[in-house]
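An overview of the molecular structure
One letter stands for each residue in the lines below.
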Amino acid sequence: MLRRLHSLPALIAALVVSFMALTGAFLSLDPAIQHFAASGTQTAGVNAAELASSVAANFPGVERIVKLASGSVIAYYSDGAGQVAATIDPQTGNSLGAYAPSPVFGFMTELHRSLFLGEGGRAVAGIGAFALVILSISGGLLLVARLGGWAKVFSAARGTFTQRLHVDIGRIAIAALLLTATTGTYMSLVNFGFISDGSGALAAFPTNVDGGKPAAIADLAALRATPLGDLRELVFPFRGDPTDVFTLTTNAGQGFVDQATGTMLSFTANNFGQSVYEAFYTLHTGQGVWWLGLLLGAAALCVPVMAASGTVIWWLRRRNLPKLNRNVAARAADTVILVGSEGNSTWGYAAALHEALTQAGHRVHTSAMNGIARDYGRARQMFILTATYGDGGPPASANRFLARLAKLETPALSFAVLGFGDRSFAHYCQFAADVETALVARGWSPFQPVGTIDRQSSQTFAQWGAATAARIGTQLHLVHTPARPRTTDLTLLTRVDYGVEVQAPTTVLRFGVAESARGGLFGLLGGRRLLRFEAGDLVGILPPGSSIPRYYSLASSSRQGFLEICVRKLQGGACSEYLHALAPGSTIEAFVKPNPNFRPASGRTPVIMIGAGTGIAPLAGFIQGNTRHRPMHLYFGGRDPHSDFLYEDAMAAWLEDTRLTRLVTAFSRIVDGAYVQDRVREDAEQIRTLVARGAQIMVCGGIDMARGAREAIDEIISPLGENALTLKAKGRYLEDVY
Amino acid sequence: MKKLVAILMLATAIVAPETAFAKDLSITAQMGPYSGRPAYLAIYVTKPDGSYDSTLWIAGQKTRFYQDLRNWFRGIAASGETIDGITGASVGSGQTLSVNVTLADALIDAGYQLHVDSAVEDGGYYPNDVVLPLSTASSGKPVSGSGYVQSLTVTM
Ligand SMILES: Cc1cc2nc3c(=O)[nH]c(=O)nc-3n(C[C@H](O)[C@H](O)[C@H](O)COP(=O)(O)O)c2cc1C
């Protein structure tokens, strides 16, 4: 619901709001420009009587004096031919030059207020402002849920580039946007008379005017009592009309001053409504508070970016939603599939399961977890496929599941949970585990343990399918590959082989990236043909005859002009055997999948890298690209320095030119052999110092090695009150584990 | 329109017992070119001695800006009159405002004058932007203004 509340008005209002934001951002420059124009104006020590007197001496035709919010003083006077205005030096009453409000800002203001469409345009602008209020609030709540609660709103954003952009910009701009939007809505409501701006019907003109001979302006007591700082406007009486008065507007209110006696004939203080209006006006326009104006303007510039990224996110999520064939009603189904998803990718897997079970003759009902029915009349088994979001929390389509479960009447079912997640998160597939615990607590019994799928691996899903088929005694052929980009043909340039002697045959493969596919303007225009990647991204490779891609971490970026991976040959591994059999000149089918969550943070803080075996690949890529010589410390583990020391020569060169600060190696199959985590422990002191200075830790390798490294790091940094999990939450402990 | 005219007749307090002797006036204000927001206008009548008589039309609806129509504001404030039903939208640069009002015959060719005050937010204030006698002789003849109003034509 919250999501719908966020995305529906967003799509409709995206254009209007972006337009308002851009014009608003432009207008936000006005207070700053005025501020700097007024910066020489000295208002101290002058009162309204002195100012009016000196201005009247210099400009006999003066009609009124206005002090702008920026502090500039303007005199309007008639010079015989017509009315003109000049900026005034308040100390002397002399002209500083002719004054005319900027026609550009005037034009933009009207555009911003009404789009030059009159009252209809004003209504559109007001609705746009209100849409932004809803968007800011619902977006803020979504942000909190996504990041795992109020306490974590400043933790590292996760997800695709667009998602992180949306979250990061939103997080910075939300307060300012909420302010602009609420004040804008208020001003629109005032304009349409729904809220009073406090100005009464018609203020009374004084009836007790003396009418005697006008006194010298400098002697008028009420004006003398008004310091220039308090003055807003002083309107002079009509010349030659002794019954007319000075109309004085100050920060506090408005009054009439008798030109003969100098007394304040009546003074109306600003009422509550006026004060509110002025406050909102200032907060919306930044008039007189130039830095606020610039701040709001900068926030407004974020709106079009938010609109574009939000639209992309919405579109991708929609596209992920599959169609379910033959979805049986809840009461008629023998098998129920419940889906917990936020980005909708889990729905694709659920659809594949739905299809396979239906093929196998089951009557299947599939719905969102939040849509769990009170009663599944004939169901015998239930599958729950759910992603994890926030910090180990439920995804959007399951956020009310646990509460609803408590009210459920369905008799216990046999069930299985399959979690979708990402090992780089502190609480990997935590929600799936929580769901199982909750069901077991209700007396339900799982027919197989919780399965987990890391980063939407089609391979693990197929394996889970095979295991499940064996349990429930039906044929299940589960093939689901999330929408992937079109594949490109890559040609093998070179290969270097390692590790045969130590039973760890590993090859470093370098593929050429066709010139036309490499980016640049041509590539950008070409769109699809563009193959762009960073070290640490993944390449998906389809071995012949398979539709399930295998992923390898990239050791190069597309700027280098080639694509490099490290492949360890696994017994019976179809893809690794296929790649190990390649000779230079042969081509493979591949596509790139961005892996933005595994990248050194920007900045110059040190990076500690821990990798073993082929896990060196992305790390080598990061070091290769470290041309700005940020401190990088590498711990590398292998079996034998004479056999599987991957990138040995390159590392020597990187140490030489200080792209790599320090290299520590560990080899396990030699005399006094050690694992990489042992070396990490030996360096405890130094690592603790680096972490205390803000270092980021990146780990890449197999599950066992990653666990070992995590334990070592936990021990080392516990004196700092940190551990791998707390660092993970800050985006400072990254893992790429396979 | 019928209704509006009726209200106008009530509003123009001068309507004498002999309401039957009334004249329809059409007033057209052509705004000059200027940069800035739409202008507020007050169209009103003064007595032969120059004092305020009655209001015919106010263009612009935010009371916050009414006091900028200086001469009119002073007059109406003292008269205690209200302007319900005789206000409309403000008028932008180059636009034309047309209003039809009904006026008692007694005011025509009797020394009464028609005034227009104009003002623009963050811009200039022009009390008595246009002043012209309410006379059959001046009917249909454009009079030029000194401020935002380029010309004003009253046709009887
Ligand atoms: C903001 C965000 C937070 C996430 N939090 C976790 C988490 O705490 N634990 C986990 O295992 N996976 C986490 N993930 C990974 C998702 O669960 C995983 O990508 C899943 O496949 C997404 O499925 P969906 O597209 O159906 O929502 C998170 C992803 C994002 C974008």
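In short, a report on the structure. The model shown is predicted, which means the values in this text are computed figures rather than measured ones.

Considerations on the overall build of chain B
Summing up its helical and strand segments, chain B has two helices and nine strands in all. Secondary structure of chain B in N-to-C order comes out as α-β-β-β-α-β-β-β-β-β-β. For chain B, buried positions account for 51% of its 156 residues. Summarising the internal contacts of chain B: among those between residues at least 6 apart in sequence, 66% fall at separations of at least 24. When the accessible surface of chain B is totalled, it reaches about 6,500 Å², and 54% of it is carbon and sulfur.

Comments concerning the packing of helix α6 (residues 161-191) of chain A against helix α9 (residues 290-320) of chain A
Residues and elements named next belong to chain A. Remark: α6 packs on α9, axes separated minimally by 8 Å, with the N-to-C direction vectors making an angle of 140°. Put simply, α6 runs oblique to α9. For the pair α6 and α9, the crossing hand works out as left-handed. The residues of α9 that touch α6, namely those facing Thr162, Gln163, Leu165, His166, Ile169, Gly170, Ala173, Ala176, Leu177, Leu179 and Thr180, are Leu292, Leu296, Ala299, Ala300, Cys302, Val303, Val305, Met306, Ser309, Gly310, Val312 and Ile313. In the contact of α6 with α9, the residues fall into 16 nonpolar, seven polar and no charged.

Considerations on unusual backbone geometry
Even without being glycine, Leu115 of chain A reaches a positive phi, approximately 55°. Tracing the chain through its elements places Leu115 of chain A in the loop between α4 (103-114) and α5 (118-147). The exposure class assigned to Leu115 of chain A is partly exposed, which follows from its relative accessible area of 23%. You will see that Asp109 of chain B, though not glycine, has its phi angle at about 55°, which is positive. A relative accessible area of 47% means that Asp109 of chain B is categorised as partly exposed.

Re the sheet that holds strand β6 (residues 113-119) of chain B
Residues and elements named next belong to chain B. Spatial ordering of the open sheet is given by β4-β3-β2-β6-β7, a layout of five strands whose pairing is mixed. Lying at the two open borders of the sheet, with one neighbouring strand each, are β4 (87-88) and β7 (125-133). By the bridge criterion, two bridges tie strand β3 (residues 52-59) to β4 in an arrangement that is parallel. Across the sheet, Ala59 pairs through a bridge with Gly88, a residue of β4. Seen against the sheet, helix α2 (residues 70-79) touches β2 (40-46), β3, β6 and β7 and runs at an angle of roughly 120° to β3.

Considerations on the site of the ligand
All names here are of chain A. Lining the immediate environment of the ligand, one finds 22 residues, of which Ser341, Gly343, Ser345, Thr346 and Cys429 sit closest. Between an oxygen atom of the ligand and a main-chain N or O atom of Asn344, the distance comes to 3.4 Å. Tyr389 places a side-chain nitrogen or oxygen 3.1 Å from an oxygen atom of the ligand. For the ligand, whose unbound accessible area comes to 640 Å², protein coverage reaches 93%. Counting only elements with at least two residues in the shell around the ligand, the list comes to α10 (345-359) and β12 (414-421). Residues of the shell around the ligand, tallied by class, amount to six nonpolar, twelve polar and four charged. Looking at which domains feed residues into the shell around the ligand, each of domain 1 (2-31 + 105-197 + 286-315) and domain 3 (323-472) gives three or more.

Brief notes about the nonpolar core
Ile27, Leu41, Ile43, Trp72, Leu114 and Leu152 of chain B are the most contacted members of the largest nonpolar core, which totals 46 residues. Contributing elements (two or more residues each) for this core: β1 (22-31), β2, β3, α2, β5 (96-104), β6, β7 and β9 (149-155) of chain B. In terms of residue count, the dominant contributor to this core is β2 of chain B (six residues). Not counting residues up to four positions away in its chain, the partners in contact with Leu41 of chain B are Ala29, Met31, Trp57, Ile58, Ala59, Leu69, Val91, Leu97, Val116, Asp117, Ser118 and Val149 of chain B. By size, the runner-up hydrophobic cluster in this structure holds 27 residues, among which are Val508, Met651, Leu660 and Phe667 of chain A.

Re the packing of helix α8 (residues 272-285) of chain A against α9 of chain A
Residues and elements named next belong to chain A. The interhelical angle for the contact between α8 and α9, taken along N-to-C directions, is 60°, at an axis separation of 7 Å. Judged by the angle between their axes, α8 and α9 are oblique. Across the interface between the two elements, Thr282, Leu283, His284 and Thr285 of α8 pack against Leu292, Gly293 and Leu296 of α9. A per-class count over the contact of α8 with α9 returns three nonpolar, four polar and no charged.

Here we look at the sheet that holds strand β20 (residues 587-593) of chain A
Adjacent strands of a sheet pair through backbone hydrogen bonds, lying either parallel or antiparallel. Residues and elements named next belong to chain A. Strand order across the open sheet formed by six strands is β18-β17-β20-β15-β16-β19, with antiparallel pairing between neighbours. The sheet terminates laterally at β18 (550-553) and β19 (562-568), the two strands that pair on one side only. Neighbour to neighbour, the strand axes of the sheet diverge by 40° on average, direction disregarded. Summarising the sheet, strand β17 (residues 538-541) and β18 pair through four bridges and their orientation is antiparallel. Directly across from Ile541, in β18, lies its bridge partner Arg550.

Re the environment of Ser718 of chain A
Residue and element names in this part refer to chain A. Along the polypeptide, Ser718 turns up in the loop between α20 (703-717) and α21 (724-729). What makes Ser718 partly exposed here is its relative accessible area of 45%. When the C-alpha atoms of Ser718 and Arg688 are compared, they prove to be 9.1 Å apart, with 30 residues separating the residues in sequence.

A word on the pairing of strand β22 (residues 632-638) of chain A
Residues and elements named next belong to chain A. Within β22, seven of the seven residues are buried, leaving the element largely enclosed by the surrounding structure. Burial of the side chains of β22 extends over both faces: Met632, Leu634, Phe636 and Gly638 are buried on one face and His633, Tyr635 and Gly637 on the other. Bridging between strand β21 (residues 607-612) and β22 involves six bridges; their strand directions are parallel. Bridge pairing in β22 places Val607 opposite Met632. Chirality of the crossover, the property in question, places the unit of β21, helix α16 (residues 616-624) and β22 among those that are right-handed. Here β22 runs beside strand β23 (residues 662-667); their pairing, made up of six bridges, is parallel. Each bridged residue has a counterpart across the sheet, and for Gly638 the counterpart in β23 is Phe667.

Side note on the interface of chain A and chain B
Facing the 31 residues of chain A at the interface are 22 residues of chain B. Summed over both sides, the interface of chain A with chain B buries roughly 2,300 Å², with 48% coming from carbon and sulfur. The tally of links from chain A across to chain B stands at five salt bridges. Here chain A and chain B share twelve residue pairs in polar contact (both at pLDDT 80 or more) between them.

Concerning helix α13 (residues 458-472) of chain A
The end-to-end C-alpha distance of α13 of chain A is 21 Å, a good match for the 21 Å that 15 residues give at a rise of 1.5 Å each. Looking at the buried side of α13 of chain A, the elements it contacts are α10, β11 (381-387), β12 and β14 (451-454) of chain A.

Things to note about the environment of Pro631 of chain A
Residue and element names in this part refer to chain A. Assignment of secondary structure puts Pro631 in the loop between α16 and β22. Sequence separation between Pro631 and Arg662 is 31 residues; the distance between their C-alpha atoms is 8.4 Å. Dropping the residues within four chain positions of it, Pro631 is found in contact with Arg604, Thr605, Pro606, Val607 and Thr661.

Description of the pattern of salt bridges
Residue and element names in this part refer to chain A. Here the structure, examined in full by the defined rule, presents 27 salt bridges over all chains. Arg559 is paired through a salt bridge with Glu534; the nearest N and O atoms lie 3.2 Å apart. Taken together, the residues span a long stretch of sequence, with Arg559 in the loop between β18 and β19 and Glu534 in the loop between α14 (520-526) and β17 at a distance of 25 residues. In this structure Arg559 comes out as exposed when scored by relative accessible area, which is 63%. Judged by its relative accessible area of 28%, Glu534 is partly exposed. The salt bridge partner of Asp704 is Arg707, with a shortest N-O separation of 3.6 Å.

Brief notes about empty space enclosed by the protein
Tallied over the full model, the rule gives four cavities of 30 Å³ or more. Size it by volume and the largest cavity reaches roughly 720 Å³. Taken together, 34 residues make up the lining of the largest cavity; nearest its centre are His6, Gly139, His166, Met306 and Gly310 of chain A. For the lining of the largest cavity, the secondary structure elements donating two or more residues are α1 (2-27), α5, α6 and α9 of chain A. Of the residues in the lining of the largest cavity, the class split is 18 nonpolar, eleven polar and five charged. Residues lining the lining of the largest cavity come from more than one domain, with at least three contributed by each of domain 1 (2-31 + 105-197 + 286-315) and domain 3 (323-472) of chain A. What the second largest cavity holds in volume is close to 120 Å³. The set of elements that each furnish at least two residues to the lining of the second largest cavity consists of β5 (231-235), β6 (245-250) and β7 (253-258) of chain A together with α2 of chain B. Broken down by element, the lining of the second largest cavity gets its largest block of residues, three residues, from α2 of chain B.

About the thresholds
- Residue indices begin from 1 for each chain and proceed along its sequence in written order.
- Think of it this way: whatever chain is written first is A, whatever ligand is written first is 1, and the rest follow in order.
- Given that the model is predicted, a residue must reach a pLDDT of at least 70 before its local features are reported, and side-chain atom pairs must reach 80 or more before they are shown or counted; all residues, however, enter totals for whole chains, interfaces and linings.
- Hydrogens are left out, water is left out, and the side-chain values use all remaining heavy atoms of the structure.
- Helix and strand definitions follow DSSP, with helices as H or I runs of at least four residues and strands as E runs of at least two, each counted in order from the N terminus.
- Relative accessibility thresholds used throughout: buried, under 20% of the residue-type maximum; exposed, over 50%; partly exposed, between the two (1.4 Å probe, protein chains only).
- Any pair of residues with heavy atoms lying within 4.5 Å of one another is described as a contacting pair.
- The protein chains shown are the only cover counted for residues, whose accessible areas, like all others here, come from Shrake-Rupley with a 1.4 Å probe.
- Throughout, an axis means a line fitted to C-alpha atoms (over the contacting stretch in the case of helices), and angles, computed between N-to-C directions, take values from 0 to 180 degrees.
- Orientation labels follow simple angle bins: below 35 degrees gives roughly parallel, above 145 gives roughly antiparallel, 65 to 115 gives roughly perpendicular, and whatever is left gives oblique.
- Here is the rule for handedness: rotate from the far helix to the near one, and if that takes an anticlockwise turn smaller than a right angle the crossing is left-handed, while a clockwise turn gives right-handed.
- Polar here means any residue outside two lists: the nonpolar Ala, Val, Leu, Ile, Met, Phe, Trp, Tyr, Cys and Pro, and the charged Asp, Glu, Lys and Arg; Gly therefore counts as polar.
- Being paired, for any two strands, means DSSP has found at least two bridges between them.
- Nearness here has a simple test: a residue counts as near a molecule or strand if at least one of its heavy atoms is within 4 Å of that partner.
- Each polar contact in these results corresponds to two N or O atoms within 3.5 Å; when the atoms are within protein, one needs to be able to donate a hydrogen and the other to accept it, and residues that are neighboring in sequence are counted only if both atoms are side-chain atoms.
- Boundaries of every domain are those given by an automatic assignment or by a domain database.
- Among buried residues, the Ala, Val, Leu, Ile, Met, Phe, Trp, Tyr and Cys ones that are joined through side-chain atoms within 4.5 Å form a nonpolar core.
- Orienting the strands away from the viewer, one traces the path from the first strand over the helix to the second; a clockwise path indicates a right-handed crossover.
- We define buried area as the total accessible area lost by two parts upon association, computed with a 1.4 Å probe and summed across both.
- Just to be clear on terms, a salt bridge is a Lys or Arg side-chain nitrogen sitting within 4 Å of an Asp or Glu carboxyl oxygen.
- Each residue after the first adds 1.5 Å to the expected span of a helix.
- A 1.4 Å probe that fits into a set of points on a 1 Å grid over the protein atoms alone but cannot get out defines a cavity; an open set with protein on both sides within 12 Å along at least five of seven lines defines a pocket, and lining residues are those with an atom within 4 Å of a point.
- Grid points are joined across faces, edges and corners, and a volume is the space filled by probe spheres set on the points.

So yeah, pure geometry; function would need other evidence.
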